[in-house]
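Notes for the structure review
So you can see what is in the structure, the chains are spelled out below.
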Amino acid sequence: MKALAKGVIRSFDHASVLVKDTRRALEFYIGVLGLEQDHDRPDLSYPGAWLNLGEGGQIHLIELPNPDPVTGRPQHGGRDRHTALTVSSLDEVVAELDKAKLTYTLSSSGRRALFCRDYDGNTLELIEK
């Protein structure tokens, strides 16, 4: 099997996460994490939102039925599928998660990182760099 030439895949563009209620999801992604909504999202056949990340890339919230189980997932998000984002200050993230009474687990690798879940059970890894 022949692979693509090096350099053909250049960068990360977006990750999509399924949510039950876009407005509620925005409370987490904007209200807790401080992301900004991209209002240029086209009119699609389902509700959702696009959120800009600081140095490029986006998270796309997609309000569609979730075919995956939300319960019974590993407690530590590092043992589950997740989207990893870099942050400038993990301490600020911890303060916001604590203020919102959201649980998280610290990375077991010793890195300055934590794992948390949004209101729909989607896991995020937040890494200080």
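None of these values were measured; they are calculated from a predicted model.

**Looking at the nonpolar core**
By size, the foremost hydrophobic cluster in this structure holds 24 residues, and its most contacted members are Phe28, Tyr29, Ile59, Leu61, Leu97, Leu114 and Leu126. For this core, the elements supplying multiple residues, two or more each, are β1 (14-19), α1 (22-29), β3 (48-52), β4 (58-63), β5 (83-87), α2 (90-99), β7 (113-117) and β8 (123-128). Ignoring sequence-local partners within four residues, the contact set of Tyr29 consists of Val17, Gly34, Leu35, Leu51, Ile59, Leu61, Asp118, Asn122 and Leu124.

**A word on α2**
All of the buried residues along α2 are Leu90, Val93, Val94 and Leu97. Projected down its long axis, α2 carries its buried residues within an arc of 100 degrees, all on one side. Opposite its buried face, α2 presents the exposed residues Asp91, Glu92 and Lys99, each directed more than 90 degrees away. For α2, the secondary structure elements touched by its buried residues are α1, β5, β6 (104-106), β7 and β8. Among the residues trailing α2, Lys101 stands out with phi positive, at a value near 60 degrees.

The rules we used
- Residues numbered from 1 in each chain as written.
- Predicted model: local features only at pLDDT ≥ 70, side-chain atom pairs only at ≥ 80, totals over all residues.
- Heavy atoms only, no water.
- Core = buried A, V, L, I, M, F, W, Y, C linked by side-chain atoms within 4.5 Å.
- Buried < 20%, exposed > 50% of the residue type's maximum accessible area, 1.4 Å probe, protein only.
- Helix = DSSP H or I, 4+ residues; strand = E, 2+ residues; numbered from the N terminus.
- Contact = heavy atoms within 4.5 Å.
- Arc of directions from axis to C-beta.

Keep in mind these values describe shape, not function.
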